[in-house]
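# Per-entry structural report
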Amino acid sequence: MHSSTPGQDSSPFIRAVGRALPPHYATQEQLIAAFRELWATRHFNIERLEDLHRAVQVGGRHLALPIEAYPPLVTFQQRNDAWVREATALSETVVRQALDKAELTPADVDHVFFITVTGIATPSIEARVANRVRFREDFKRTPLFGLGCVAGASGVARAADYLRAFPKHTALVIATELCSLTLQREDLSIPNIIASGLFGDGAACAVLRGAEAPGVKGPRVVASRSVFYPDTERVMGWDVVDTGFKVVLSAKVPVLVKDHIRGNVDAFLAEHGLAREDVRHWVAHTGGPKVLKAFEEALELESSTLERSWASLREVGNLSSASVLFVLGETLENAGALPGDWGLVMAMGPGFCAEMVLLRW
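Residues numbered from 1 in each chain as written. Predicted model: local features only at pLDDT ≥ 70, side-chain atom pairs only at ≥ 80, totals over all residues. Heavy atoms only, no water.

The chain is annotated in an unreviewed UniProt entry as Type III polyketide synthase from Pyxidicoccus parkwayensis. UniProt's Sequence similarities (unreviewed entry) comment on the chain is quoted here verbatim: "Belongs to the thiolase-like superfamily. Chalcone/stilbene synthases family." (UniProt positions renumbered as here; feature names shortened; annotations may be inferred.)

### Topic: the pairing of strand E9 (residues 236–241)
Of the pairings in the sheet, the one linking E9 to strand E10 (residues 244–249) comprises 6 bridges and is antiparallel in character. When the sheet's bridge partners are listed, Val240 is paired in E10 with Phe245. Joining the antiparallel neighbours E9 and E10 is a turn of 2 residues. (Pairing = 2+ DSSP bridges. Helix = DSSP H or I, 4+ residues; strand = E, 2+ residues; numbered from the N terminus.)

### A closer look at the side chain of His169
Inspection of the secondary structure puts His169 in the loop between helix H5 (151–165) and strand E6 (170–178). On the basis of relative accessibility, which here comes to 19%, the residue His169 falls in the buried class. Among all residues touching His169, those that are not within four sequence positions of it are Asp110, Lys140, Tyr162, Leu163, Leu208, Arg209, Gly210 and Ala213. (Buried < 20%, exposed > 50% of the residue type's maximum accessible area, 1.4 Å probe, protein only. Contact = heavy atoms within 4.5 Å.)

### Brief notes about the state of the cysteines
One pass over the structure, following the stated rule, counts 0 disulfides. Here Cys179 stays free of any disulfide, with the sulfur of Cys149 as its closest cysteine sulfur at 7.6 Å. For Cys205, which is in no disulfide, the shortest distance to another cysteine sulfur is to Cys179 and amounts to 18 Å. (Disulfide = S-S within 2.5 Å.)

### What to know about helix H9 (residues 307–316)
Among the residues making up H9, those that are buried are Ser309, Trp310, Ala311, Ser312, Leu313 and Val316. Phi for Gly317, located one or two positions after H9, is positive at around 80 degrees.

### Thoughts on the confidence of the model for the chain
Averaged over the chain, the pLDDT score is 92; the fraction of residues at 70 or greater is 97%. Contacts for the low-pLDDT stretch residues 1–8, under 50 throughout, to residues beyond four places or in other chains number 15 contacts. (pLDDT = per-residue confidence, 0-100.)

### A short note on the environment of Val112
When you line up the elements, Val112 lands in strand E4 (residues 111–116). Setting aside anything within four residues of it in sequence, one finds Val112 in contact with Glu126, Phe135, Phe139, Lys140, Arg141, Thr142, Leu172 and Ile174.

### A few points about helix H4 (residues 125–133)
The set of residues buried in H4 consists of Ile125, Glu126, Ala127, Val129, Ala130 and Val133. For H4, the secondary structure elements touched by its buried residues are helix H3 (76–101), E4 and strand E5 (140–145). One or two residues past the end of H4 sits Arg134, with phi positive at roughly 65 degrees.

### What about the packing of aromatic side chains?
Considering all chains together, one arrives at 7 aromatic pairs under this definition. When the centroid spacing of 6.4 Å and the interplanar angle of 70 degrees are considered together, the rings of Phe113 and Tyr162 count as edge-to-face. You can see Phe113 sitting in strand E4 and its partner Tyr162 sitting in helix H5, a full 49 residues away along the chain. Each member of the pair, Phe113 as well as Tyr162, is classed as buried. (Phe/Tyr/Trp six-rings, centres within 6.5 Å; stacked < 30°, edge-to-face > 60°.)

### Overview of the UniProt feature "domain: Chalcone/stilbene synthase C-terminal" (unreviewed entry) in the chain
UniProt tags residues 222–360 as "domain: Chalcone/stilbene synthase C-terminal" (unreviewed entry). In this annotation, residues 222–360 is assigned 38% helix and 29% strand; the end-to-end C-alpha distance for the span is 7 Å.

### Considerations on unusual backbone geometry
In this structure, Pro123 follows Thr122 across a cis peptide bond, with omega equal to 0 degrees. Residue Phe352 is bonded to the preceding Gly351 through a cis peptide linkage, with omega at -10 degrees. By the secondary structure assignment, Phe352 is in the loop between strand E12 (342–349) and strand E13 (353–360). For Gln57, which is not a glycine, the phi torsion comes out positive at approximately 60 degrees. Along the polypeptide, Gln57 turns up in the loop between helix H2 (46–55) and strand E3 (60–63). The phi torsion at Asp231 lies on the positive side, around 60 degrees, for a residue other than glycine. Tracing the sequence through the fold places Asp231 in the loop between strand E8 (220–228) and E9.

Right, dumping it as C-alpha cells:
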C-alpha cells in the first residue's frame, strides 16, 4: 500500500498528454448515409441501423482515411497495411506534440509503452516511430496489445510502476487506435452496427517522469488498481476472422459497470484513507452513453462530473484505449486543478476488467 501523503517522493508524475486526430472527418449523418448505401440492400430494417447510430450520441468522427478510400479495402492485409502506415504517422505526430508540451526531446525518453488493439505490426509501431523521431538507441520498448478500452489507464499504471523502479527516467505511453479500419462490412450483427456508430480514430501520448526527474509538474500517480472479472471473456473483444477483427460487444457491459465499479472504487479509495467525496476530478473512459450513465449512477456522481467524458464522446466517439487519455489531457489543461486535489482515472475493457489510477495534484 502506498501512503497518500501529498508530494510523496516515490510517486511519478504526468507531465503532459498530447492528443491527435486524423485529418479526415465525417459527421454521424454522413456516416449513416454511407452505411445506408452499404447495408440497405441486405439489412431487414435500415431504420433500426439509423436508430442505433443516433443512440450512441456521437456527433461525428475522425477517420484514418477519406471515406471513399474504405470500400476498396476488402482483405485483412489491405486494412492492416493501411493501419500500419496511418498508425505510424499519427503516432509520430502525437509523440512530437506531447514532448513539446512537456518541454522535452526524444533523447530524454527512456521507455516507450505502445498500446493498440486495432492492428498488428512487427516491428511494432513505436519502433517505426523511433526511426522518425530518433529516440536514443538504448530506449526500452513495451508494446501492449489486446487490452482494448482499458489500456489507456493500464498503460499509465504500468508506466508509473516502471518509474517507481527508475525514478530518474521518462516514459511515454502512446495509444493509437484506428477503429475505422477494423469495420467488418459483411457483419450485420447488432454489436457490429453499434460499433460502426460508436468507435472513432485517434491517438494520445502521455509523458510520465519519475519522482527524481527534474521539473516536477502535473499530478502524481499515487497508486493504481487492476480488477479482473472471472469468466467474462465474451463480454468484449475480437474474434479474429479471415477478414480481420470481428467485434465482440455484449449488452452486459453497462450491467457489469453498475454491478462492480462502486465496490471497486470504494475499496481502492479506502486503502488510501479516501472516499468518493474526496475525489474532485473524475476521468472516465468514454465507453458510450450507457456506460457513462452506469458510472454516474453506480458512483452517485452529479451529471456535470463526467462532462469532459460526455463531450469527448459527442465530439470524436469512443477512441478505445486513447479515449481516457483524451479526457485526462483535457483535465490536465482545463480543469483548474489545485495543489492537493485528488483525481481518479477509470476505464474498463476486454477481460473483462477495470483499471483505476489515483492522482494527486
